[in-house]
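A closer look at the structure
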There are 4 protein chains.
Amino acid sequence: MNIAVAPSPPTTAAPPAPLAVRYAGIRARSIALASPLSAEDALVQSMPDASPAKWHLAHTTWFFERFVLATQPGHVPFNADWHYLFNSYYQSIGPAHARPQRGLLSRPSLDQVLQYRALVDQQVIGLLQANALDAQASHQLLLGLHHEQQHQELLLTDIKHALWSNPLQPAYRDDLVRTSATAIPLRWRGSPEQIVEIGAPAWPGHGAFAYDNESPRHRVLVPAHALANRPVSNAEYRQFIQAGGYRDVTLWMSEGWALCQAEGWQHPLYWDDALEREFTLGGWQALDPHAPVCHLSYFEADAYARWQGARLPTEFEWEAAASGQPLHGHFADADRLHPAGASAAGQATDTALLQLFGDVWEWTSSAYGAYPGFRPFAGNLGEYNGKFMNGQWILRGGSCATPEGHVRASYRNFFAPSARWQFAGLRLARDAA
Amino acid sequence: MNIAVAPSPPTTAAPPAPLAVRYAGIRARSIALASPLSAEDALVQSMPDASPAKWHLAHTTWFFERFVLATQPGHVPFNADWHYLFNSYYQSIGPAHARPQRGLLSRPSLDQVLQYRALVDQQVIGLLQANALDAQASHQLLLGLHHEQQHQELLLTDIKHALWSNPLQPAYRDDLVRTSATAIPLRWRGSPEQIVEIGAPAWPGHGAFAYDNESPRHRVLVPAHALANRPVSNAEYRQFIQAGGYRDVTLWMSEGWALCQAEGWQHPLYWDDALEREFTLGGWQALDPHAPVCHLSYFEADAYARWQGARLPTEFEWEAAASGQPLHGHFADADRLHPAGASAAGQATDTALLQLFGDVWEWTSSAYGAYPGFRPFAGNLGEYNGKFMNGQWILRGGSCATPEGHVRASYRNFFAPSARWQFAGLRLARDAA
Amino acid sequence: MNIAVAPSPPTTAAPPAPLAVRYAGIRARSIALASPLSAEDALVQSMPDASPAKWHLAHTTWFFERFVLATQPGHVPFNADWHYLFNSYYQSIGPAHARPQRGLLSRPSLDQVLQYRALVDQQVIGLLQANALDAQASHQLLLGLHHEQQHQELLLTDIKHALWSNPLQPAYRDDLVRTSATAIPLRWRGSPEQIVEIGAPAWPGHGAFAYDNESPRHRVLVPAHALANRPVSNAEYRQFIQAGGYRDVTLWMSEGWALCQAEGWQHPLYWDDALEREFTLGGWQALDPHAPVCHLSYFEADAYARWQGARLPTEFEWEAAASGQPLHGHFADADRLHPAGASAAGQATDTALLQLFGDVWEWTSSAYGAYPGFRPFAGNLGEYNGKFMNGQWILRGGSCATPEGHVRASYRNFFAPSARWQFAGLRLARDAA
Amino acid sequence: MNIAVAPSPPTTAAPPAPLAVRYAGIRARSIALASPLSAEDALVQSMPDASPAKWHLAHTTWFFERFVLATQPGHVPFNADWHYLFNSYYQSIGPAHARPQRGLLSRPSLDQVLQYRALVDQQVIGLLQANALDAQASHQLLLGLHHEQQHQELLLTDIKHALWSNPLQPAYRDDLVRTSATAIPLRWRGSPEQIVEIGAPAWPGHGAFAYDNESPRHRVLVPAHALANRPVSNAEYRQFIQAGGYRDVTLWMSEGWALCQAEGWQHPLYWDDALEREFTLGGWQALDPHAPVCHLSYFEADAYARWQGARLPTEFEWEAAASGQPLHGHFADADRLHPAGASAAGQATDTALLQLFGDVWEWTSSAYGAYPGFRPFAGNLGEYNGKFMNGQWILRGGSCATPEGHVRASYRNFFAPSARWQFAGLRLARDAA
């Protein structure tokens, strides 16, 4: 897919509406992320949990067609058959193509999907410029942009898994930025018991955009505890491996141990058996001992913490610490697409909490569930988050593959505890002495 | 297994130590529960989650041998090979026979297992009478009694499933007590936001017996909410079915819906398709519309609550309501072994919370996890509870199959959300207006 | 199951009809085979391919009830519900309890099944003595006797697997006969190309009893070839193992190799890893190097033959050799229940074919299929054999667990190529030079 | 994949060696078959039994590289990593990429595979023109051409399944030839018992090319029987369906019935539920009642024959009839790629056997096995056929997707009885009256 020109924002004399600019920019970013991929690469689905890059490009476009354009009078579907293909899991609006079979969709072609994107973009931008969207459609458009950013991260994690699954194990890109820094020593920062306001006001209606699962804002009693000042590093995690962490049943959840045995886990996904190299979006590279460890399942993160005599933080402890912190960090826009060690330069104290945002998602000890008073988004989009509040764990903070500006302190990511293909690591916590 | 005489407490002149009496009574109760079963019945394992009655009898005995008798100098194992057979999941003390294969153990025979019980009982009672147990052994003995009571309930739920799995579907007993009562109208009782002390002090060392997962006692901010005054009844649940609840995807968790489709659920386990009869430990009987509905999975309980515009309570809301309430209720000792409607007679108000204890376990919306500051039991028994804190939901309050005196307000039962063979129902909750 | 008295033949003054005597004897034999088993042992089903001993006892009785007694006017079913339980696979007469769940049938009890046997026996013998059976019922009774003998062998192979699956690995009996003999040297006996009459005339109507799959008798051109004078011995097979036979992909069928890898086969079922002992119905015993190897899958037998530069015989080569030979051999009635080496004493020549009958079933290279002109048994019993003519291989000659008098030269046994729990070995063949 | 120019035969002044011309022609045919496919289409693997078109193109090329070019001194592998990717199942020469994961190979790209083909073709043709191949290499080259033709047919059946698996169900080509003819009445042609020479002399060494599984030529006694003069038609098969054939357990093999139930079969693969249309390589089309039915499993073919009171022919009956017949028929070169009814024009008698070759492969009642005296090809190519002689059934005669010139009377195709995605139908046979 050699794409020279991404869909551009309109170039009329009148200044474009800001939302149109933002829309165009986010949409173009998806195209840019897919541009190193051939049409063949963009079709591969290496496991049921992952989707082909082409499907991500089409599904996010379908989202705008279905939830923005189709709310307009006289809308003619781009292709009625595609509704079935590119619906993901919104069962209240009709059946969807089975997820594990997305890799069979050689048709429509990548070229057709790109045309679909261009057409939908043209129409959406036209509506934005004409101020033609009512409140509901505008809200759904905004949700669609956040949705698209989520899929940008998934596109990266899914293509990483796909390329790794190919015995040739090619790099996604050869020109990624590389940085390194010496990890600062691990320090603890304590907090006393306190009541904390957690979450975000319900959107739309009460403040800035947030997903329904972040609402309502509510009070939580957070006990006294301490958090580590940075995520666990590769060097630290390697010690756990070398100390026999993957062979000590007493460190593991029962289900995690069974999985570890069944699948022969001996180290994080993407590491080599010598514990010296790891597969990255830039190909195989030497393991950086200072970088945050990632591609851990919840079970591995939890076992490591237990081995350290510590534990994972709750999502409330994490959010209490992150609230009010600037949203700085290494995100996807840094074009590194791999975590790196943090420089402590400029930090006022050595217990300042580093790398809360970006680099790696941090597994918490909180199971994904509803906040008190939770209400799903209205209408069909009620299926967006609520129906997955079962058997998953919360991760916080975003990663090196998360688009800048996408996360916030109240953002709740969630995955099954067995999931290893995300950029997920951990930060230690412990109870107050 | 026609057993006329259960192991009796000693009849020496000296008055027995109270713990010896309690020990003998609980041990005898297991025998009594198994007495309606033939040796063949006691061998059946109808699914991997269930265990044969004989295995329950042997495993609970092994627990006392391993954690009480084997702590004594000079202990000679009853049969060294049985350690492997009757260890359940304590991997830190050695490998165990695979759980799904417990039904293959025709040897040792039921008679041999009963002899094993008698011998272990004789030795344990001897030690108790001689005051020969140190603190650790005494604690492990006490834990073993609570452990035995848990298996008494499982013995009943497992044999119910086994007999139902036989096309002949025989009753476990024909002489069970039957009672009925008209369910009182459903009322809501509200509570304001408050900080509540939840859990129990860590045992041993700080108070009465409690499992490690109930500790430490800690403060939780419970939001304003309301609880229903009684569990949901069969009649109410039947309305949900008749209104299409099992066919409406929007009411279900995603995983629950998939399971409902794959297994063709149309009603609670043990109901007939006509919604008129249910299989009980006393055989097929007419459905009592006033009795609490039971044999629901978490997914069904959750879907029902959503259909009602309500939700499940959190375990903290439940415990806040139950703390300080008398532990009255229909337990296994009532020899009914099936839930029944509650009489409101003598209740001061119509918002009094009825049937918190006994009748049916109540699914909560709380995922099973560690309390802040949680420490597993010391030593090998650390595997008792902690390693299952993943992918399960909390149930509260005990059931008609729970031994009287076993539960308490802080007691945390837990099962996978798909589990239907327990006596599990629900009580509605809702957010404060 | 301590059974002092097996159903006896009638003791009236009039001499019993010979068929009644034979019926009573065969039926009593099943009881005798089950007599070392407790009711618990008789319930165990250790894999879907095997059935509990109790089920064998009941199913064979149901066969007589359904196909003999139920043909009589006024027959009242012993228990209408049992028809479903003890039908095996005769779908044309109604649904049957799922095979993998036979081990759940604690009810009816073993005692009840024995009562069922006694009652059916009483009625059948009464009819026989009264000469009350018409031709069809008589034929079905005769078929029932052969059917019962097949299940006698399966009862032994299934209980062997069940006892071995128990970690205690108890013996079925401690009083089995043991014999040994030095295996005579392996010699080849050649045969020229010839047209051979294969099979048996269709029964009933044309000769002695034979299964439908042995008919019609027909002409086959058997090419020039040679057969080994005896089955392959344990010592010979051990050489194959020690030479790396289980690690050499070139010796194996593709499907067999995959199975060998997936299940970690390194030797015949029931051997220990040291290749020194084997589990028998008499418990663990030293491997007799002179005895025929057994408990091989087809894949192992075939790989061994290939390693030897030889092949398995076709079923026609085998039958051509066996026709006209006396039906001598070590069968179940010798009460050894394990193969042993053959003594060559009294053999006229050293190329005489030894142990064609008894000791071990011999895998052939013939896939199980229909003879030209094959007609299944009439009526519902047409499901007896024909519908399994797919994906299975022919074995010939009977084993140490086959009742004496059950097999014949034209007898065609058949099993899936993966089956290892039968007493199955091999005899080598080769093409003529 | 818009390929204007297929690799051309050399155009030097000297006349090319005939084998080089044949080589170039067969190789170009593969390219032509793939030319309607995009690179995305060529990557799809819709089930583990099927392979992507790109993989077929690469694997057949690897076959020439490995078994022809690599036999030459100084050969440098095109790409050493590809040996692993494009080996199919020749385990004696090294491990191979797992078959179910062939659809993940976005790299190498289709373009690279086409370059690989061109380079290998250039080198092979160079060697042929230079007469540089010794006997072994020449034989392996010839085998490679037959191998390529087999994959040409698989490419078509696999892409048909892939396109059908896409909910859009696009046609492979819109310009296929369509023909129709009225099926002539079904007639029987009898044959007396006779000894027939079956098979082909072992190649190389004894005659024209044949696969090892067709050898040695040997004598078989074929009983008296009759064969139908043409394959079963769609109209006839539809009657079977409408008469309840898919619901009558007595017509089916036991394993076939289980599969039919589990997968919900109600008609041949690719038919619509109304029994009016079928999916073809030219897309959905009206069912031609006169055309031979195809896309049947063995189980369906066998059940149909039983319903007709007939049976499938043995492979010997079929070969006896086909030997000496001209190899006329509708093959892939007719560019119809779907079976059609045969015209009886010019047939001398109405019992002449029509459509023995081409249109549809005909399931036989012969399990795939070794002929007496069978020897696999020498060396690594011994894995070509022999190791699959288990659990499969023989099909004879070639289909509308078989390259012209590929089949012969002795040709033995084989598939698992569950396979439905091949162009497989049936011809009835019956025993002589």
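Since the structure is predicted, the reported quantities are computational estimates derived from the model, not experimental observations.

1. Comments concerning the overall build of chain A
Across its full length, chain A carries nine helices and eleven strands. For 433 residues, the compact-globule estimate of 2.2 N^0.38 gives 22 Å, and chain A sits close to it at 22 Å. Overall size of chain A, expressed as C-alpha extent along the three principal axes, is 65 × 50 × 40 Å. Burial status across chain A gives 49% buried among its 433 residues. For chain A, long-range pairs separated by at least 24 residues make up 79% of all intrachain contacts whose partners lie at least 6 apart in sequence.

2. Points about the arrangement of the chains
One finds no contact between chain A and chain C; the C-alpha atoms of the two approach each other to within 13 Å at their closest. Regarding chain B and chain D, the two do not touch, and the least distance separating their C-alpha atoms is 13 Å.

3. Some thoughts on the relation of the copies chain D and chain A
Superposing chain D onto chain A requires a rotation of 180° together with a translation of 0.0 Å along the rotation axis, leaving an RMSD of 0.0 Å. When the rotation and shift are considered jointly, the pair of chain copies conforms to a two-fold rotation axis. Closest approach to the rotation axis among the C-alpha atoms of chain D is made by Glu40 of chain D, whose C-alpha sits 2.6 Å away. Comparing contact sets, 100% of the residues at the interface of chain D also lie at the interface in chain A, consistent with an isologous, same-surface contact.

4. Quick notes on helix H4 (residues 110-129) of chain D
Three- or four-residue spacings in an α-helix give side chains the same orientation, since the helix completes a turn every 3.6 residues. Residue and element names in this part refer to chain D. The terminal C-alpha atoms of H4, which comprises 20 residues, lie 28 Å apart, in line with the 28 Å expected from a rise of 1.5 Å per residue. Of all the residues in H4, the buried ones are Leu110, Val113, Leu114, Tyr116, Arg117, Val120, Asp121, Val124, Ile125 and Leu128. An end-on view of H4 places all buried positions within 155° of arc, on one side of the element. Residues of H4 that are exposed and angled more than 90 degrees away from the buried face: Asp111, Gln122 and Gly126. In this structure, the buried residues of H4 make contact with helix H1 (18-34), helix H2 (53-67) and helix H5 (135-165). One or two positions beyond H4, positive phi appears at Asn131, with a value near 50°.

5. Remarks on the domain arrangement of chain A
Residue and element names in this part refer to chain A. Each assigned domain of chain A is listed with its residue range as follows: domain 1 (18-165) and domain 2 (188-431). The C-alpha centroid of domain 2 is placed 27 Å from the C-alpha centroid of domain 1. Contacts between the two partners involve 20 residues from domain 1, matched on the other side by 17 residues from domain 2. Among the elements that make up the side of domain 1 that touches domain 2, the one with the highest residue count is helix H5 (residues 135-165) (twelve residues). When its residues are assigned to classes, the side of domain 1 that touches domain 2 shows nine nonpolar, eight polar and three charged.

6. Regarding the confidence of the model for chain A
Residue and element names in this part refer to chain A. Residues at a pLDDT of 70 or more form 94% of chain A, whose mean pLDDT is 94. Confidence over residues 1-13 falls short of pLDDT 50; this stretch has 26 contacts with residues more than four positions distant or in other chains. Scored as a complex, the prediction yields pTM 0.94 and ipTM 0.93.

7. Points about the interface of chain B and chain A
Think of interface size as the accessible area that goes away when the parts come together; that is how it is often given. At the interface, 27 residues of chain B touch 27 residues of chain A. When residues of the side of chain B that touches chain A are traced back to their parent elements, those giving at least two are strand S3 (218-222), helix H7 (254-263) and strand S7 (361-367) of chain B. Tallying contributions element by element places S3 of chain B first for the side of chain B that touches chain A, with four residues.

8. Description of the sheet that holds strand S8 (residues 393-396) of chain C
Residues and elements named next belong to chain C. Read from one edge of the open sheet, four strands run S9-S8-S7-S10, paired in mixed fashion. If you trace the sheet from one side to the other, it starts and ends with strand S9 (413-415) and strand S10 (424-425), each paired once. Where strand S7 (residues 361-367) lies against S8, three bridges are found, and the strand directions are antiparallel. Considered in S8, the bridge of Ala367 is made with Trp393.

9. Details of the relation of the copies chain B and chain A
For these two chains of identical sequence, chain B goes onto chain A by a turn of 180° and a shift of 0.0 Å along the axis, with RMSD 0.0 Å. Interface residue correspondence from chain B to chain A reaches 100%, placing this contact among same-surface, isologous pairings.

10. Comments concerning the interface of chain D and chain A
The interface is formed by 24 residues belonging to chain D together with 24 residues belonging to chain A. Mapped onto the side of chain D that touches chain A, the elements with two or more residues apiece are helix H3 (82-86) and H5 of chain D. Residue composition of the side of chain D that touches chain A, grouped by class: twelve nonpolar, eight polar and four charged.

11. Notes on the sheet that holds strand S11 (residues 429-431) of chain B
Residues and elements named next belong to chain B. Judged by pairing direction, the sheet is antiparallel, and its three strands sit side by side in the order S1-S4-S11 without closing on themselves. The sheet is open, and its two edges are formed by strand S1 (188-191) and S11, each paired on a single side. For this sheet, the mean inter-axis angle between neighbouring strands, taken without regard to orientation, is 25°. Pairing between strand S4 (residues 225-228) and S11: three bridges, direction antiparallel. Bridge assignment links Ala226 to a residue of S11, and that residue is Arg430.

12. With respect to unusual backbone geometry
Between Ser215 of chain A and Pro216 of chain A the backbone carries a cis peptide bond, its omega angle lying at -5°. Non-glycine residue Leu275 of chain A carries a positive phi angle of around 60°. Along the polypeptide, Leu275 of chain A turns up in the loop between helix H7 (254-263) and strand S5 (277-280). For Leu275 of chain A, a count of 16 C-beta atoms within 10 Å puts it in the partly exposed group. You will see that Asn131 of chain C, though not glycine, has its phi angle at about 50°, which is positive. Tracing the backbone shows Asn131 of chain C in the loop between helix H4 (110-129) and helix H5 (135-165).

13. So, the packing of helix H2 (residues 53-67) of chain C against H5 of chain C
Geometry of a packed helix pair, given as the angle between the helix axes and the separation of the axes. Residue and element names in this part refer to chain C. Contact geometry for H2 and H5: axes closest at 9 Å, N-to-C directions at 175°. In terms of orientation, H2 lies roughly antiparallel with respect to H5. Taking contact as the criterion, the partners of Ala53, His56, His59, Thr60, Phe63, Phe64 and Phe67 in H2 are, on H5, Gln140, Leu141, Gly144, His147, Glu148, His151, Leu154, Leu155, Asp158 and Ile159. For the contact of H2 with H5, the residue count by class is eight nonpolar, seven polar and two charged.

14. Remarks on the environment of Gly264 of chain B
Locating Gly264 of chain B in the fold gives a position in the loop between H7 and strand S5 (277-280). Counting along the chain gives 131 residues from Gly264 of chain B to Leu133 of chain B, while the straight-line C-alpha distance between them is 53 Å.

15. Comments concerning the packing of helix H2 (residues 53-67) of chain B against helix H4 (residues 110-129) of chain B
Residue and element names in this part refer to chain B. At a minimum axis separation of 10 Å, H2 and H4 run at an interaxial angle of 25°. It follows from the interaxial angle that H2 and H4 lie roughly parallel. Relative to H4, the crossing made by H2 is left-handed. Across the interface between the two elements, Lys54, Leu57, Ala58, Thr61, Phe64 and Glu65 from H2 touch Leu110, Val113, Tyr116, Arg117, Val120 and Val124 from H4. A per-class count over the contact of H2 with H4 returns eight nonpolar, one polar and three charged.

16. Some remarks on helix H1 (residues 18-34) of chain B
Residues and elements named next belong to chain B. Across its 17 residues, H1 extends 25 Å between first and last C-alpha, which sits within 8% of the 24 Å expected from 1.5 Å per residue. Every buried residue of H1 is accounted for by Tyr23, Ala24, Ile26, Arg27, Ser30, Leu33 and Ala34. In this structure, the buried residues of H1 make contact with H2, H4 and helix H5 (135-165).

17. A short note on the environment of Leu168 of chain B
Along the chain, Leu168 of chain B falls in the loop between H5 and S1. The exposure class assigned to Leu168 of chain B is partly exposed, which follows from the 14 C-beta atoms found within 10 Å. Apart from residues lying up to four places away in sequence, Leu168 of chain B is in contact with Asp81 and Arg107 of chain C.

What counts, and at which threshold
- Residues numbered from 1 in each chain as written.
- Chains lettered and ligands numbered in written order.
- Predicted model: local features only at pLDDT ≥ 70, side-chain atom pairs only at ≥ 80, totals over all residues.
- Helix = DSSP H or I, 4+ residues; strand = E, 2+ residues; numbered from the N terminus.
- Rg over C-alpha atoms; globule rule 2.2 N^0.38 Å.
- Buried ≥ 20, exposed ≤ 12 C-beta atoms within 10 Å, placed from the backbone.
- Contact = placed C-beta atoms within 7 Å.
- Least-squares fit on C-alpha atoms with pLDDT ≥ 70 in both.
- Expected span 1.5 Å × (residues − 1).
- Arc of directions from axis to C-beta.
- Domains from an automatic or database assignment.
- Nonpolar A, V, L, I, M, F, W, Y, C, P; charged D, E, K, R; others polar.
- pLDDT = per-residue confidence, 0-100.
- Pairing = 2+ DSSP bridges.
- Axes fitted to C-alpha atoms, helices over the stretch in contact; angles between N-to-C directions.
- Parallel < 35°, antiparallel > 145°, perpendicular 65-115°, else oblique.
- Left-handed = near helix turned anticlockwise from the far one by under 90°.

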